[in-house]
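Reading the structure
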Amino acid sequence: MTTVLRRTVHPLLALALTAVAGLLLAVVVAPLVLGWVPLTVLSGSMEPTVPTGSQVVVEPLEGEDDAAGLSTGDVVTFMPRPDDPTLVTHRIVGVAVDGEGRRSFTTRGDANATPDAEPVTATQLRGLVRYHVPWVGHAATLLDAEQKRGGMVLVAAALFGYALWQLVGAARDRGRRPDEGEGAADATGSAGDGAAHVPGRDEDPAPPAEARTEALPLAPAAADR
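In this report, the structure presented in the accompanying data block is examined. (Residues numbered from 1 in each chain as written. Predicted model: local features only at pLDDT ≥ 70, side-chain atom pairs only at ≥ 80, totals over all residues. Heavy atoms only, no water.)

**Digging into the overall build of the protein chain**
Summing up its helical and strand segments, the protein chain has four helices and seven strands in all. Its helices and strands in sequence order give the protein chain the pattern α-β-β-α-β-β-β-β-β-α-α, from N to C terminus. Within the protein chain, buried positions represent 22% of all 225 residues. Of the accessible surface of the protein chain, which amounts to about 15,800 Å², a share of 61% is contributed by carbon and sulfur atoms. (Helix = DSSP H or I, 4+ residues; strand = E, 2+ residues; numbered from the N terminus. Buried < 20%, exposed > 50% of the residue type's maximum accessible area, 1.4 Å probe, protein only. Areas by Shrake-Rupley, 256 points an atom, 1.4 Å probe, with all protein chains shown as cover.)

**Overview of unusual backbone geometry**
Most peptide bonds are trans, and most residues other than glycine sit at a negative phi. At the junction of E47 and P48, the peptide bond is cis and its omega measures out at 0 degrees in the coordinates. Mapping P48 onto the fold places it in the loop between β1 (37–40) and β2 (55–60). Non-glycine residue W135 carries a positive phi angle of around 65 degrees. Relative to the elements of secondary structure, W135 occurs in the loop between β7 (125–133) and α3 (137–141).

**Some details on the pairing of β7**
Bridging between β2 and β7 involves six bridges; their strand directions are antiparallel. If you follow P60 over to β7, its bridge partner there is G127. Bridging between strand β3 (residues 75–78) and β7 involves three bridges; their strand directions are antiparallel. When the bridges of β7 are listed, F78 appears paired with L125. (Pairing = 2+ DSSP bridges.)

**So, the nonpolar core**
L61, A67, L70, V76, F78, I92, F105, V120, A122, L125 and L128 form the largest nonpolar core, which has 11 residues in total. Those elements that place two or more of their residues in this core are β3 and β7. Dropping the residues within four chain positions of it, A122 is found in contact with G63, E64, A67 and R103. Core analysis: the second largest hydrophobic core is formed by seven residues, V41, V58, V75 and V129 among them. (Core = buried A, V, L, I, M, F, W, Y, C linked by side-chain atoms within 4.5 Å. Contact = heavy atoms within 4.5 Å.)

In structure tokens:
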């Protein structure tokens, strides 16, 4: 019963731990290691590509050199007004270069019918969206950095505990197998001792039927002269 339960629970537990670990990797570990910034999407202007409540992870951009690497189709985060810290994440739908080589970008939300009213300059850019994780942005905003690190430690401990449980279960299974084999051998021997006599079982078996063949001559017959 224990073995059956373990075989049923193991895949479900492994799936849950893998999902949580993957989520923490995407929203905490990768941004921390790569120096990217996670942001929460609060409106639906980028739906259905980026649903409301998603967390976008952006690579910081700064200056004309970074802006030169952008092209149509990229999703960028920018500050539309210098006196407003609110950030907007939209897609680039057009690129223009002035006589001095400075770039400006026409942006539009995927859900919007018309482009944004004002072009975006390099100084307004804040980041290039590398990926997004749907629907986890609101949850992420409720946790501070310390709580996120604690979650990472908790998941790591759970993965370690799961691996230890697997090892212990495998060791118990190996310990049971010799006993099960001896029991099977005893049962076979007992069955042999108590086997009923079958008439004709100890008698000599009948000879097999002969497969008749014709002997080949060792030398060719002499021809008549």
